[in-house]
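Coordinate analysis (summary)
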Amino acid sequence: MRKVFGFGALALAAIILSSPGPASATPVGGDPTPSPTATPPASVEDRATFSYGKHVRQRMDIWWRKDGVVRPAVFVIHGGWWSGGDKKYMTEVSRSYFQLGYVVVNINYRLAQDAAWPAQRTDALDSIATVRRHAAQFNMDPDRYALIGFSAGGHIGAAVGTYGDGVPGLRGVVGISPVVSPRTAFEDGDEGADHEQRKLRKATIALAGGCDPTECPRIWSSMEVPLHATPQDAPMLSVHSTDEFVPPYQSEMLKQALNEVGVAMNIRAVPGVQHSSPLYREPGVAESVQSWIIARLAR
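Identification of the protein as BD-FAE-like domain-containing protein from Acrocarpospora macrocephala is taken from an unreviewed UniProt entry.

Here is the structure:
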């Protein structure tokens, strides 16, 4: 049975974070132990790394304040072709939402070489469930949170947004260059494709455990976000460059599916070829995403 941090581990986090100088702790059996950052930014009242599972990748950085004010949360999901990347590359994005007044949860998840799909979606769901169970420790409103995912992380976030009959408390999902249709990416990476499209095709096969759509159709159907739209899903926002290798028509497929069941989705297309984090840094993109999330998390 998977163990997650308990109240004892959370209390230990508070003790370590209040101590002078750098500190760290490594889980050795029992409840996973938080590992606070050695030099947290001065504006951060509390920031620590917690385990939500036994695998080394099942870790999340949580940013929160001890001011007694209950706040909504933003979960951040990094990209990296499902086979790379790390939450550390999302530090600036996480800081920006913390500075807007939110609790922020920046997650790692098992990569394709660690476990095939749906492990990545499962990890995102487990991290959410863990934080919601301990929401009081972080002054978090467990019924008001949003997700923002980049590229492969956008796929994971969208898959969470369309999971089952709706995920409790989820108010919105943002994808920056999200791969919402791995099957489309697989087909786009066939003959005549450019380097990134061919690489993405290989990445989708790896995510499926090494099989193509004809060999394991059930897994590929599970990976295909538009197939799972339901009326209880969270509203979504998707941002693409007009000419990037994960084109806007992937999100158009999801928009059609969500709209058919009465769920709103907005798509923004930005001129150019930038993908994922470079796209997010284009003028006005981060600000428009922040405005959308603020609106979704308002009471």
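Observations regarding the confidence of the model for the protein
With 85% of its residues at a pLDDT of 70 or more, the protein shows a mean pLDDT of 88. Throughout residues 1-43 the model reports pLDDT below 50, and contacts reaching past four residues in sequence, or to other chains, amount to 74 contacts.

Side note on the nonpolar core
Side chains that are nonpolar tend, in soluble globular proteins, to be buried together. Ranked by size, the top nonpolar core spans 57 residues in total, and within it Ile62, Phe75, Trp82, Met140 and Tyr145 carry the most contacts. If one sorts the elements of this core by residue count, helix 4 (residues 152-161) sits on top with five residues. With sequence-adjacent residues up to four places away left out, Tyr145 is seen in contact with Ala73, Phe75, Ile128, Arg132, Met140, Val167, Pro168, Gly169, Leu170, Arg171, Gly172 and Leu297. Listed in part, the 25 residues of the second largest apolar core include Met90, Val93, Val104 and Val285.

A few points about the packing of aromatic side chains
Within the structure shown, the criterion is met by eight aromatic pairs. Taken together, a centroid distance of 6.0 Å and an interplanar angle of 45 degrees make the contact between Trp63 and Phe98 tilted. With a gap of 35 residues between them, Trp63 in strand 3 (residues 59-64) and Phe98 in helix 2 (residues 91-99) connect regions that are remote in the sequence. Ring plane angle 65 degrees and centroid distance 5.5 Å describe the contact between Phe75 and Tyr145, whose orientation is recorded as edge-to-face. Of the two residues, Phe75 is situated in strand 4 (residues 71-77) and Tyr145 in strand 6 (residues 140-150); the sequence distance between them amounts to 70 residues. We note that Phe75, like Tyr145, is buried.

Focus: the pattern of salt bridges
What the rule picks out here adds up to nine salt bridges. In this structure, Asp86 engages Arg57 in a salt bridge whose closest nitrogen and oxygen atoms are separated by 3.5 Å. Pair noted here: Asp86 is in the loop between strand 4 and helix 2 and Arg57 is in the loop between strand 2 (46-51) and strand 3, with a separation of 29 residues, a long-range link. Accessibility classification places Asp86 together with Arg57 in one group, the buried group.

Topic: the pairing of strand 4
Of all seven residues in strand 4, seven are buried, a share of seventy percent or more. Examined bridge by bridge, strand 4 and strand 6 share six bridges and lie parallel to one another. Directly across from Ala73, in strand 6, lies its bridge partner Tyr145. Bridge count for strand 4 against strand 5 (residues 103-107) is five bridges, and the pairing is parallel. Within the sheet, the bridge partner assigned to Val76 lies in strand 5 and is Asn106.

About the thresholds
- Residues numbered from 1 in each chain as written.
- Predicted model: local features only at pLDDT ≥ 70, side-chain atom pairs only at ≥ 80, totals over all residues.
- Heavy atoms only, no water.
- pLDDT = per-residue confidence, 0-100.
- Contact = heavy atoms within 4.5 Å.
- Core = buried A, V, L, I, M, F, W, Y, C linked by side-chain atoms within 4.5 Å.
- Buried < 20%, exposed > 50% of the residue type's maximum accessible area, 1.4 Å probe, protein only.
- Helix = DSSP H or I, 4+ residues; strand = E, 2+ residues; numbered from the N terminus.
- Phe/Tyr/Trp six-rings, centres within 6.5 Å; stacked < 30°, edge-to-face > 60°.
- Salt bridge = Lys/Arg side-chain N within 4 Å of Asp/Glu carboxyl O.
- Pairing = 2+ DSSP bridges.

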